[in-house]
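Next come the chains, spelled out residue by residue.
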Amino acid sequence: MSGFGLVLGGGGARGLAHIGVWAVLEDAGLRPGVLAGTSMGGLVAAFIAAGMDAAQLRQVSETVSWRRLLDWRPGRGLLRTSAFEAWLATHLPPTFEELKLPLAVTATDLLTGRMVYLSSGPLYPALRATSAYPGATQPVPWEDMLLADGGILNQVPVDAALFLGVRRVAAVDVTGPEPLELPGQAPLGTVRSLRRAVDIMQAQLTDARLSLYRPDVLLRPRLEGVDLQSFRRGGQAILAGEAAARAELPRLRALGA
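Please read these numbers as outputs of a predicted model, since none were measured by experiment.

Chemist: I'm lost on the pattern of salt bridges in this one. Help?
Modeler: Any two side chains of opposite charge can pair if their charged atoms end up close together. One pass over the structure, following the stated rule, counts 8 salt bridges. The residue Arg128 makes a salt bridge to Glu85 at a minimum N-O spacing of 2.7 Å. Placement of Arg128 in helix H6 (residues 124-130) and of Glu85 in helix H5 (residues 81-89) is noted, with a sequence separation of 43 residues between them. Judged by its relative accessible area of 14%, Arg128 falls in the buried class. In this structure, Glu224 engages Arg222 in a salt bridge whose closest nitrogen and oxygen atoms are separated by 2.9 Å. Residue Arg222 is classed as exposed on the basis of its relative accessible area of 64%. Members of the salt-bridge network, linked through shared partners, are Asp173, Asp207 and Arg220.

Okay, here's the thing in structure tokens:
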């Protein structure tokens, strides 16, 4: 397959940095041949695969109530299925096959503990599955599986893009947790401690997988102060994505040559 693969990692609000990366690629005339993503990265990838430009995608991100659709706080009951799918239906076709570019998103089968790639069939439940954050969202029944967040096992799915047939890959990793400071030794709190532990585990697993499936270009936007739920800082995340992509633009251009 011609072209390069664009892989967008999971990370909640941090994944809005992908919009900034897409803006730079679009401005440079660099169009991927396939897309792959996990969680928020899978969602942004779906919009790109559907033909949405960066300006449209940014407008969507600034007008939607992310907290209403994607509340990743444990115990909140999360993702309202009907509201989420109704919102998707206003922007995306119902199946993978109707997208303008091939797309794969990852999920985790909670029954077997195995990684799953979704690249055909119904699109909306696949996007719910890849975004089904453990302990906060109900997993999604799919055939004989029970699917949850792809980031459990594969936060930056370079291998999924390779599976779709490309040989060159640009990947965006927004996983890495920033060093944490506690002024005055304030307690971290149970929920924040849990989230921090998950962030650290995912970052370590992502590094391990990226050592096995190395992208040709790896972007890691600087996202200080932007965590899973910081959707109010979406503009900051987008700018960080733009800066990371511009810094690697010569290498990104080489992918598209």
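Additional details are given in the paragraphs that follow.
Chemist: Would you take a moment to explain the side chain of Gln155 for this structure?
Modeler: Position of Gln155 relative to the elements: it lies in the loop between strand S6 (145-149) and helix H7 (158-163). Setting aside anything within four residues of it in sequence, one finds Gln155 in contact with Gly9, Gly10, Gly11, Thr38, Gly150, Thr175, Gln202 and Thr206.

Chemist: When you look at the packing of aromatic side chains in this model, what are you seeing that I'm missing?
Modeler: Each aromatic ring pair is specified by the distance between its two centres and by the angle formed by the two planes. All chains considered together, the criterion is met by 3 aromatic pairs. Centre to centre, the rings of Tyr117 and Phe163 are 6.0 Å apart; their planes meet at 15°, and the pair counts as stacked. With a gap of 46 residues between them, Tyr117 in strand S4 (residues 114-118) and Phe163 in helix H7 connect regions that are remote in the sequence. By relative accessible area, Tyr117 is classed as partly exposed at 31%. For Phe163, a relative accessible area of 56% gives the class exposed.

Chemist: It is not clear to me how helix H9 (residues 234-247) should be interpreted in this structure. Could you clarify?
Modeler: Every α-helical turn comprises 3.6 residues, leaving residues that sit three or four positions apart pointing alike. When the terminal C-alpha atoms of H9 are compared, their 20 Å separation across 14 residues agrees well with the 20 Å that a helix rising 1.5 Å per residue should span. Taken together, the buried positions of H9 are Gly234, Ala237, Ile238, Ala240, Gly241, Glu242, Ala244 and Ala245. At its buried positions, H9 is contacted by helix H1 (17-27), helix H3 (54-63), strand S8 (217-219) and helix H10 (249-256).

Chemist: Hey, could you run me through the pairing of strand S1 (residues 5-8) in this one?
Modeler: Both faces of the sheet carry side chains from a regular strand, because those side chains alternate between them. Alternating residues of S1 divide into Gly5 and Val7 and Leu6 and Leu8, and every residue in both groups is buried. Alignment of S1 against strand S2 (residues 34-37), held across 4 bridges, turns out to be parallel. For Val7, the partnering residue across the bridge sits in S2 and is Ala36. Handedness of the crossover is the feature at issue here: the chain leaves S1, passes through H1, returns alongside S2, and the resulting connection is right-handed.

Chemist: What exactly am I supposed to notice about the side chain of Ser61 here?
Modeler: In this structure, Ser61 sits in helix H3. For Ser61, a relative accessible area of 10% puts it in the buried group. In this structure the side chain of Ser61 is engaged in a polar contact, spanning 2.7 Å, whose partner is the backbone oxygen of Arg58.

Thresholds, definitions, all that
- Residues numbered from 1 in each chain as written.
- Predicted model: local features only at pLDDT ≥ 70, side-chain atom pairs only at ≥ 80, totals over all residues.
- Heavy atoms only, no water.
- Salt bridge = Lys/Arg side-chain N within 4 Å of Asp/Glu carboxyl O.
- Helix = DSSP H or I, 4+ residues; strand = E, 2+ residues; numbered from the N terminus.
- Buried < 20%, exposed > 50% of the residue type's maximum accessible area, 1.4 Å probe, protein only.
- Contact = heavy atoms within 4.5 Å.
- Phe/Tyr/Trp six-rings, centres within 6.5 Å; stacked < 30°, edge-to-face > 60°.
- Expected span 1.5 Å × (residues − 1).
- Pairing = 2+ DSSP bridges.
- Right-handed = clockwise from strand over helix to strand, strands pointing away.
- Polar contact = N/O pair within 3.5 Å; in protein donor to acceptor, adjacent residues only side chain to side chain.

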